Amino acid sequence: MAAVDRNAEALSVPRKQLMESSGNAVAQAARDLVGPGGTIAIVAGRGNNGGDAFVAARFLDEFDVTVYLLGRPESIATDIARENWAALQAAEYDTRTVTDSADLDLGNPALVVDGMLGTGVTGALREPEATAAEAINALDADVLSVDVPSGVDADTGETAGVHVDADRVVTFHDEKPGLAALDAEVTVADIGIPAVAELFTGPGDLLALGRPSESHKGDFGEVLVVGGGPYTGAPALAAQSALRAGADLVRVACPDAVAREIQGYSENLILRPYDGEHLAPEHVDGILGLAADHDVTVFGPGLGSHDETLAAVRDFLEGYDGTAVVDADALQVVPEVDTDATLLCTPHQGELQKMGGETDADWRTRADLVAEFAADLGHVLLVKGAYDVIADGEETRVNRTGNPGMTVGGTGDVLAGAAGALACVLPPLQAAAVAAYANGSAGDAAVEENGYGLLATDLIDRLPAALRRDE
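On a predicted model such as this, the values are computed, not experimentally measured, just so you know.

A. Seen up close, the overall build of the chain. If you tally the helices and strands in the chain, you get 15 helices and 16 strands. Once the C-alpha set of the chain is aligned to its principal axes, its extents read approximately 85 × 40 × 40 Å. By residue count, 54% of the 471 residues in the chain fall in the buried class. Summarising the internal contacts of the chain: among those between residues at least 6 apart in sequence, 68% fall at separations of at least 24. Total accessible area on the chain is roughly 19900 Å²; 43% of this is exposed by carbon and sulfur atoms.

Written out as structure tokens, the structure is:
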């Protein structure tokens, strides 16, 4: 939901507007539980869940409402929640600040609104929320929770200790999986988030990325790029892109005949050459052994379409059971191969048709066709175009970043490398969606700075900024 909220904001639907709608929905539910003039205690945290509760108070003037803020006002975490707290202060609502949970006295209300913690918080409640939850549960009052009862995992419905025992929950936009396990009435409120906030990629998708401070080398994946032969730039682009997209180690398996040339592109590349001028079936066992030591294999950049090479691609996929990003000439082999591997295929529309898929000028129709073909293949597809379509047969995403300057050669290799790095840390569909968004954003930044005539290397240099989370 944090990602959807961020994507809605990118679609020009302000989060402050969404908070207003959420608070109104909470107030509507409160009216169902308490008659006019009844007493309502609103217990609010310092995040956006508390902000929703602050808004609700403004819609409940016909009741005797007291708002309890758990913590100091200056510690309210977001601007929009802080603004809604300030609105209560300016209008002289009955607001009380609770800096010591031992001092919390909710009186004897008819209804308690639990606005302490939302969907983004997991694990055992800490203070002051733990004591507040116990105080709420001890009252002889109906309890209405905002989005999810505090202390309940919204994904699983599990708890790790004390939690709010809600009678009713008002959740927003879509029901959270964990709510089905609760003994509570759940209402899903439409707060005006456009459906395409879940369809179109956006800055919210980057929230899936992050690095704990205690991270170690290897935690973010090792990628093997299998490519090169007739072309040398493609595997070098894919490998450098994987590094820029966050992989810790990237190695390139390539023909010995072109290894020196590929190495010459960057001192950051680690090469694992094999004999010959192109990939052939006799190389497959060795590459399978290499791939087993990596988290993801990017297979295809610059390989070419020699008959022996395509036979080797077929042998590799039949013997591989890991995760692979398949690109370029290797794609044509995928439909005829029975494999236990998890594949993320990155065709442009011409390559999609060679694979047996269909396309259309209208992106909506194309999205449906790609989704159907992905279901038939049993693999994730990232079909490149003015609107990229990402699908696995169950879920479909569409990416709108990018520009006509990206028709230059090599941008697809950059995308494949980025997808490989991201697939080390994200599920394949999500990795493909984030890679498409970041690759297109990098291309947009390059064109904004230099105009058309961009180079694929321009994208590599801009990938880290394109993948940066906007907190």
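B. Region of the structure containing the packing of helix 14 (residues 428-450) against helix 15 (residues 456-466). At a minimum axis distance of 8 Å, the contact between helix 14 and helix 15 shows a crossing angle of 115°. In terms of orientation, helix 14 and helix 15 fall into the roughly perpendicular class. Here helix 14 runs over helix 15; the crossing is right-handed. Residues A438, N439, S441, A442, G443, A445, A446, E449 and N450 of helix 14 lie in contact with helix 15, whose contacting residues are D458, L459, R462, L463 and A466.

C. Representation of the packing of helix 7 (residues 233-244) against helix 15 within the structure. Look at helix 7 against helix 15: their axes get within 8 Å of each other, and the N-to-C directions meet at 15°. Here helix 15 runs roughly parallel to helix 7, going by the angle between their axes. Crossing angle aside, the handedness with which helix 7 passes helix 15 is left-handed. Here L237, Q240, S241 and R244 of helix 7 lie close against helix 15, whose contacting residues are A456, T457, I460, D461, L463 and P464.

D. How the structure looks around the state of the cysteines. Taken as a whole and assessed by the stated rule, the structure comprises zero disulfides. C424 supplies the cysteine sulfur nearest to C254, a cysteine that is in no disulfide, at a spacing of 19 Å. Summary of cysteine pairing: C345 is not part of a disulfide, and the nearest cysteine sulfur, belonging to C424, is at 17 Å.

E. Structural detail: unusual backbone geometry. Geometrically, the link from E127 to P128 is a cis peptide bond, its omega value of 5° lying close to zero. Position of P128 relative to the elements: it lies in the loop between strand 4 (111-115) and helix 5 (129-138). The phi angle at D147 is positive, at roughly 75°, despite the residue not being glycine. Mapped onto the secondary structure, D147 falls in the loop between strand 5 (142-146) and strand 6 (168-172). Residue class for D147 comes out buried when judged on its relative accessible area of 9%. Phi at H173 takes a positive value of approximately 75°, unusual for a residue other than glycine. Tracing the chain through its elements places H173 in the loop between strand 6 and strand 7 (185-189).

F. Geometry of a negative patch on the surface. A surface patch of negative charge is lined by D285, D315, E318, D321, D338 and D340. Given a relative accessible area of 32%, D315 falls into the partly exposed group.

G. Main features of the packing of aromatic side chains. For the structure on display, the rule yields five aromatic pairs. Between F54 and W85, the ring centres sit 5.3 Å apart and the planes meet at 55°, which makes this aromatic pair tilted. Of this pair, F54 sits in helix 3 (residues 48-58) while W85 sits in helix 4 (residues 79-90); the two residues are 31 residues apart in sequence, bridging distant segments of the chain. Taking 5.4 Å as the distance between ring centres and 40° as the angle between the ring planes, the aromatic pair formed by W363 and Y387 counts as tilted. Remark: Y387 occurs in the loop between strand 14 (380-383) and strand 15 (388-391) and W363 occurs in helix 12 (residues 363-377); sequence separation between them is 24 residues. For W363, a relative accessible area of 14% translates into the label buried.

H. Structural context of the environment of T359. Structurally, T359 can be placed in the loop between helix 11 (349-355) and helix 12. The spacing of T359 and Q349 is ten residues in sequence and 6.7 Å in space, taken between C-alpha atoms. Discounting residues that sit within four places of it in the chain, T359 has contacts with Q349, L352, Q353, R366 and L369. Only 2.5 Å separates the side chain of T359 from the side chain of Q349, close enough to count as a polar contact.

I. Expanded view of helix 4. For helix 4, with twelve residues, the first-to-last C-alpha span of 16 Å sits near the 16 Å given by 1.5 Å per residue. Looking only at helix 4, the buried set comprises I80, A81, N84, W85 and L88. Viewed end-on, helix 4 has its buried residues packed into an arc of 145°, placing them on one side of the element. Turned more than 90 degrees off the buried face of helix 4, the exposed positions are D79 and A90. Elements in contact with the buried residues of helix 4: helix 2 (15-33), helix 3, strand 2 (64-70) and strand 3 (95-98). One or two steps after helix 4, the chain reaches E92, where phi turns positive at roughly 60°.

Parameters at a glance
- Residues numbered from 1 in each chain as written.
- Predicted model: local features only at pLDDT ≥ 70, side-chain atom pairs only at ≥ 80, totals over all residues.
- Heavy atoms only, no water.
- Helix = DSSP H or I, 4+ residues; strand = E, 2+ residues; numbered from the N terminus.
- Buried < 20%, exposed > 50% of the residue type's maximum accessible area, 1.4 Å probe, protein only.
- Contact = heavy atoms within 4.5 Å.
- Areas by Shrake-Rupley, 256 points an atom, 1.4 Å probe, with all protein chains shown as cover.
- Axes fitted to C-alpha atoms, helices over the stretch in contact; angles between N-to-C directions.
- Parallel < 35°, antiparallel > 145°, perpendicular 65-115°, else oblique.
- Left-handed = near helix turned anticlockwise from the far one by under 90°.
- Disulfide = S-S within 2.5 Å.
- Patch = residues over 30% accessible without salt bridge, like charges linked within 9 Å, V, L, I, M, F, W, Y side chains within 5 Å.
- Salt bridge = Lys/Arg side-chain N within 4 Å of Asp/Glu carboxyl O.
- Lys, Arg positive; Asp, Glu negative; His and termini not counted.
- Charge placed at Lys NZ, Arg CZ, Asp CG, Glu CD.
- Phe/Tyr/Trp six-rings, centres within 6.5 Å; stacked < 30°, edge-to-face > 60°.
- Polar contact = N/O pair within 3.5 Å; in protein donor to acceptor, adjacent residues only side chain to side chain.
- Expected span 1.5 Å × (residues − 1).
- Arc of directions from axis to C-beta.

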